[in-house]
Amino acid sequence: ALRPDGVVHPPAEGGASWVVQYGSDRYCRVGADLAALLTSLDGDTTTAQVATKLGAPWSAQTIDAALERLACLDLLDDGTSQHVRPPRRFNFRPPFVLQVNLFDPSRVLGMAPRAVHAIAGRPGQFVTALLGLGGLLALAGQAASLRAAMLAPLPIAAFYAILAGLVATTFLHELGHGCVLVHHGGRPRRLGMMLFYLMPAFYCDVSDGWRLGRREQRVGVALAGIVTQCAVAGASAIVAAVMPDGDLRVCLLVFAVTCYLYGLVNLVPLVKLDGYIALMSYLDIPHLRTKAIADAQRAIRGLVAGTRERRELSERWWAVPYGLGCLLLPPVLVVGALSLWETTFFSMGRAGAALCLLLLLGIGFYTLKGATHFVNRIRR
């Protein structure tokens, strides 16, 4: 039978795929025939009886083959799970992502459905676009003041005020993802904090977006956070334009520029940020980054050892250079994060030094593991 926490979702609209959800954030697309098979499995009926019930194209032999494949995908109940397990509070995703779940955002957003649809619908889109573009024009009109604000040292109170504003805006950024997903009929299941390549951040689980039938909807969910952030930045820049000179205006200008830059960084598609999710959704290629990295590794093995391996994204000419970028950027991010944390670590004395050493050992372990896997593939 299907595992206890598995759910077969019918297409959200015409032309969409059937989707099997298992666990809190794992999804698998299937065809209508396989969906029918999964819903027919009850743990008691024999494969011959299921084949008779479903008819063509199923037979006892094809059902057995399908069940073997489904077992490999961990979609079937192996008898060890007696109930649906609640989502874990802490999740570690190797090599350097640690997540802490805070709450289910769908419950919060479900309290005001009209407000959600107004914000994520046409009126909200118009207002956010107006704020985002208007803020850029406002910054251009304050070029001299902006240059002075960015070059002058910030008072300590202003620094902490901007930092608090960025934290609050990042939270709204993630809530924006959930808001658009709810507007399209999906459900964001978790919102929390994480260490992303050793840098603190918020996150919102919008994996349910794979149930959406149209790619523009999935892209909209992926970019909703950046749009929200740019709207907040734009509002700050517009308010600064009508403020008298002073520390408050400087704070608003620096905050606006930082928010816009944060949005640009989120568009980088080489790590699992919003830009990557949007690209993957637009191309409609699940696990795009994993497949591109595998193709890049195959290309490197071909250059080093003359191996010939079939590539998963052979029809995409850019897959190998994209995969190389995905391979190279994470180590750069980790080294940059370590350099930022260095002062904090060593100010903690021996405990901080031990933590820094532990992180370096972790980096060394994953580097050695990757190198060993690479060499073993060449040998095989």
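Residues numbered from 1 in each chain as written. Predicted model: local features only at pLDDT ≥ 70, side-chain atom pairs only at ≥ 80, totals over all residues. Heavy atoms only, no water.

Next up on the list: the overall build of the protein. Within the protein, the secondary structure is distributed over 14 helices and 7 strands. Here the C-alpha coordinates of the protein stretch approximately 80 × 55 × 45 Å along the principal axes. Counting only residues that meet the buried cut, the protein has 39% of its 380 residues in that class. Within the structure as shown, the protein displays about 21,400 Å² of accessible surface, and the carbon and sulfur contribution to it stands at 65%. Here the protein holds 35 positive side-chain charges and 25 negative ones, and the gap between their average locations is 5 Å. (Helix = DSSP H or I, 4+ residues; strand = E, 2+ residues; numbered from the N terminus. Buried < 20%, exposed > 50% of the residue type's maximum accessible area, 1.4 Å probe, protein only. Areas by Shrake-Rupley, 256 points an atom, 1.4 Å probe, with all protein chains shown as cover. Lys, Arg positive; Asp, Glu negative; His and termini not counted. Charge placed at Lys NZ, Arg CZ, Asp CG, Glu CD.)

A cis amide bond links Ala56 to the next residue, Pro57, at an omega of 10°. Note on placement: Pro57 falls in the loop between α2 (47-54) and α3 (60-72). Even without being glycine, Asp284 reaches a positive phi, approximately 60°. Relative to the elements of secondary structure, Asp284 occurs in the loop between α11 (274-283) and α12 (288-305).

Enumeration over the complete set of coordinates arrives at 13 salt bridges. Asp208 serves as the salt-bridge partner of Arg211, at 3.3 Å between the closest nitrogen and oxygen. You can call Arg211 partly exposed: its relative accessible area is 24%. We note a salt bridge from Arg249 to Asp245, for which the minimum N-O separation is 2.5 Å. In this structure, a network of salt bridges that share partners links the residues Arg29, Arg218 and Asp284. (Salt bridge = Lys/Arg side-chain N within 4 Å of Asp/Glu carboxyl O.)

Here the focus is a nonpolar patch on the surface. A cluster of nonpolar side chains, Leu154, Ile156, Phe159, Tyr160, Leu163 and Val167, forms an exposed patch at the surface whose accessible area comes to about 560 Å². Mapped onto the secondary structure, Val167 falls in helix α8 (residues 156-183). (Patch = residues over 30% accessible without salt bridge, like charges linked within 9 Å, V, L, I, M, F, W, Y side chains within 5 Å.)

With that out of the way, let us pick up the packing of aromatic side chains. Under the definition given, this model contains 5 aromatic pairs. For the ring pair Trp318 and Tyr322, a centre distance of 5.9 Å and an interplane angle of 85° mean the geometry is edge-to-face. A network of ring pairs unites the aromatic residues Phe103, Phe171 and Phe202 as a single cluster. Of note, Arg215 hangs over the ring of Tyr282, and the distance from its end group to the ring centre comes to 5.5 Å. (Phe/Tyr/Trp six-rings, centres within 6.5 Å; stacked < 30°, edge-to-face > 60°. Lys NZ or Arg CZ within 6 Å of the ring centre and 35° of its normal.)

Here we come to the sheet that holds strand β6 (residues 190-196). An order of β4-β5-β6-β7 is seen for the 4 strands of this open sheet, with the pairing classed as antiparallel. The sheet is open, and its two borders are formed by β4 (90-93) and β7 (199-205), each paired with just one other strand. The average angle at which neighbouring strand axes cross in this sheet is 25°, direction not considered. Pairing geometry for β4 and strand β5 (residues 97-103), over 4 bridges, is antiparallel. Its bridge partner being in β5, Asn91 is matched across the sheet by Gln99. Contacts from α8 reach β5, β6 and β7 within the one sheet, and its direction differs from that of β7 by about 25°. (Pairing = 2+ DSSP bridges. Axes fitted to C-alpha atoms, helices over the stretch in contact; angles between N-to-C directions. Contact = heavy atoms within 4.5 Å.)

Glancing now at the packing of helix α1 (residues 32-40) against α2. At their nearest, the axes of α1 and α2 sit 11 Å apart, and the two run at 130° to each other. Comparing the axis directions of α1 and α2 gives the class oblique. In this structure, α1 meets α2 at a crossing whose hand is right-handed. Between α1 and α2, the residues in contact are Ala36, Leu37 and Ser40 and Val50, Lys53 and Leu54, respectively. Grouping the amino acids of the contact of α1 with α2 by side-chain chemistry returns 4 nonpolar, 1 polar and 1 charged. (Parallel < 35°, antiparallel > 145°, perpendicular 65-115°, else oblique. Left-handed = near helix turned anticlockwise from the far one by under 90°. Nonpolar A, V, L, I, M, F, W, Y, C, P; charged D, E, K, R; others polar.)

Now for the nonpolar core. By size, the foremost hydrophobic cluster in this structure holds 21 residues, and its most contacted members are Leu139, Ile162 and Leu253. When residues of this core are traced back to their parent elements, those giving at least two are α6 (122-141), α7 (143-151), α8, α9 (215-241) and α10 (247-266). Residue contributions to this core peak at 9 residues, all from α10. For Leu253, the contacting residues outside a window of four places in its chain are Leu139, Gln142, Ser145, Leu146, Ala149 and Ala240. Ranked by size, the runner-up nonpolar core spans 18 residues in total, among them Val20, Trp58, Ile63 and Leu76. (Core = buried A, V, L, I, M, F, W, Y, C linked by side-chain atoms within 4.5 Å.)

This part is about the pairing of β5. Side chains on a regular strand alternate between the two faces of the sheet. Linkage of β4 to β5, two consecutive antiparallel strands, is achieved through a turn of 3 residues. Across 6 bridges, β5 lies against β6 in antiparallel orientation. Bridging from a neighbouring strand, Asn101 pairs with Gly192 of β6.

As a further point, take the sheet that holds strand β2 (residues 18-22). In a beta sheet, neighbouring strands pair by backbone hydrogen bonds and run either parallel or antiparallel. One open sheet accounts for 3 strands, arranged β1-β2-β3; its pairing is antiparallel. Only two strands of the sheet have a single neighbouring strand rather than two, namely β1 (6-9) and β3 (26-30). On average, adjacent strands in this sheet sit at an angle of 20° to one another, irrespective of strand direction.

Moving on: the environment of Arg93. Within the fold, Arg93 resides in strand β4. Note on Arg93: relative accessible area 34%, which makes it partly exposed. C-alpha separation for the pair Arg93 and Ala233, spaced 140 residues apart in sequence, amounts to 31 Å.

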